[in-house]
Amino acid sequence: MDECIRFGVSLSQHLLKRFDKDIERRGYTNRSEAIRDLIRQNLVDSEWEAATSETTAAVILVYDHYKKGVGEHLTNHQHENHDSIIATMHAHLDHNNCMEVVLLRGPVKKVKEIAHKLTSEKHVKLGRFVPATLGKEIR
Ligand code: NI
């Protein structure tokens, strides 16, 4: 396991007060865990800036399956990219509406392309793209 290093950070009282208030609202019990999470988020953002990085993402879709072609188009996109799709979960929300969560894995560029194809499909009412990470470089 990595050795834990302590280090000091200088910042204005005003900024620290705002930070403490914010992390309390988010449920953190101490600054260290909040700062660690900020650093991790920053590293994930950097990972996503490099188009060739291997990564993961989730796509959340809500659509009316009675609208012509939408279910079939979404399934076709997923079959065309089966090597980059780890899993798909489908829930029938009510008589008309479906929610689908698609988990992707692959190079950043390809994952983004597939995600955008899914979220921009006609009759998708909500399409959310959630960039994630394989977590290998983040402890
Ligand atoms: Ni359904």
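This text follows the structure it describes.
Bear in mind the structure is a predicted one, so any value in this text is a computation, not a measurement.

Asks: Even after reading the chapter, I still don't get the sheet that holds strand E1 (residues 54–64), so can you show me in this structure?
Replies: Each strand in a sheet pairs with its neighbour through backbone hydrogen bonds, running either in the same direction (parallel) or in the opposite one (antiparallel). Pairing is antiparallel in the open sheet, where four strands are placed in the order E2-E3-E1-E4. Looking at which strands have only one partner, the edges of the open sheet turn out to be strand E2 (85–92) and strand E4 (124–131). Across the sheet, the mean angle from the axis of one strand to that of its neighbour is 15°, orientation sign disregarded. Two strands pair when backbone bridges link them, and E1 and E4 are joined in this way by seven bridges, in the antiparallel orientation. Pairing of Ala-58 across the sheet is with Val-130, part of E4. Across the sheet, helix H3 (residues 70–80) lies against E1, E2, strand E3 (97–107) and E4, angled at about 170° from E1, the strand it touches most. Where helix H4 (residues 108–119) meets the sheet, it contacts E1, E3 and E4, and its direction lies at approximately 165° from that of E3.

Asks: Hey, could you run me through the coordination of the nickel ion in this one?
Replies: Note on metal geometry: ideal angles are 109.5 degrees for four donors arranged tetrahedrally and 90 or 180 degrees for six donors arranged octahedrally. Protein coordination at the nickel ion: the donors are His-90 (NE2), His-92 (ND1) and Cys-98 (SG), at 2.0 to 2.4 Å from the metal. Sequence spacing among the residues donating to the nickel ion works out to H-x1-H-x5-C. The class of His-90 is partly exposed, set by a relative accessible area of 34%. Overall, the relative accessible area of 65% leaves His-92 in the exposed class.

Asks: Hey, could you run me through the pairing of E2 in this one?
Replies: Two strands pair when backbone bridges link them, and E2 and E3 are joined in this way by seven bridges, in the antiparallel orientation. Residue pairing in the sheet places Ala-91 in a bridge with Met-99 of E3. Counting the residues in the hairpin turn of E2 and E3 gives four residues.

Asks: Please explain H4 as it appears in this structure.
Replies: What sets the pattern is the α-helix's 3.6 residues per turn: residues three or four places apart point alike. Under the 1.5 Å per step criterion, the end-to-end length of H4 is 16 Å for twelve residues, consistent within 8% with the ideal 16 Å. Every buried residue belonging to H4 is among Val-108, Val-111, Ile-114, Ala-115 and Leu-118, and all of these are buried. Summarising the axial view, the buried residues of H4 lie within an arc of 135°, below the 170-degree limit, and thus occupy one face. Where H4 is buried, its residues meet helix H2 (31–49), E1, H3, E3 and E4.

Asks: Looking at this structure, I do not really get the environment of His-116. What am I missing?
Replies: One can find His-116 in helix H4. With relative accessibility at 43%, the residue His-116 sits in the partly exposed group.

Asks: For this particular structure, what's the right way to read the packing of helix H1 (residues 13–25) against H2?
Replies: The axes of two packed helices give the description: the angle between them and the distance between them. In the contact formed by H1 and H2, the axes pass within 11 Å of each other and the chain directions differ by 90°. On the basis of their axis angle, the class for H1 and H2 is roughly perpendicular. Residues Leu-16, Phe-19, Asp-20 and Ile-23 of H1 form the contact with H2, whose own contacting residues are Arg-31, Ala-34, Ile-35 and Leu-38.

Reading the values: rules and limits
- Residues numbered from 1 in each chain as written.
- Predicted model: local features only at pLDDT ≥ 70, side-chain atom pairs only at ≥ 80, totals over all residues.
- Heavy atoms only, no water.
- Pairing = 2+ DSSP bridges.
- Helix = DSSP H or I, 4+ residues; strand = E, 2+ residues; numbered from the N terminus.
- Axes fitted to C-alpha atoms, helices over the stretch in contact; angles between N-to-C directions.
- Contact = heavy atoms within 4.5 Å.
- Donors = N, O, S within 2.8 Å, 3.2 Å for Na, K, Ca; no water.
- Buried < 20%, exposed > 50% of the residue type's maximum accessible area, 1.4 Å probe, protein only.
- Expected span 1.5 Å × (residues − 1).
- Arc of directions from axis to C-beta.
- Parallel < 35°, antiparallel > 145°, perpendicular 65-115°, else oblique.

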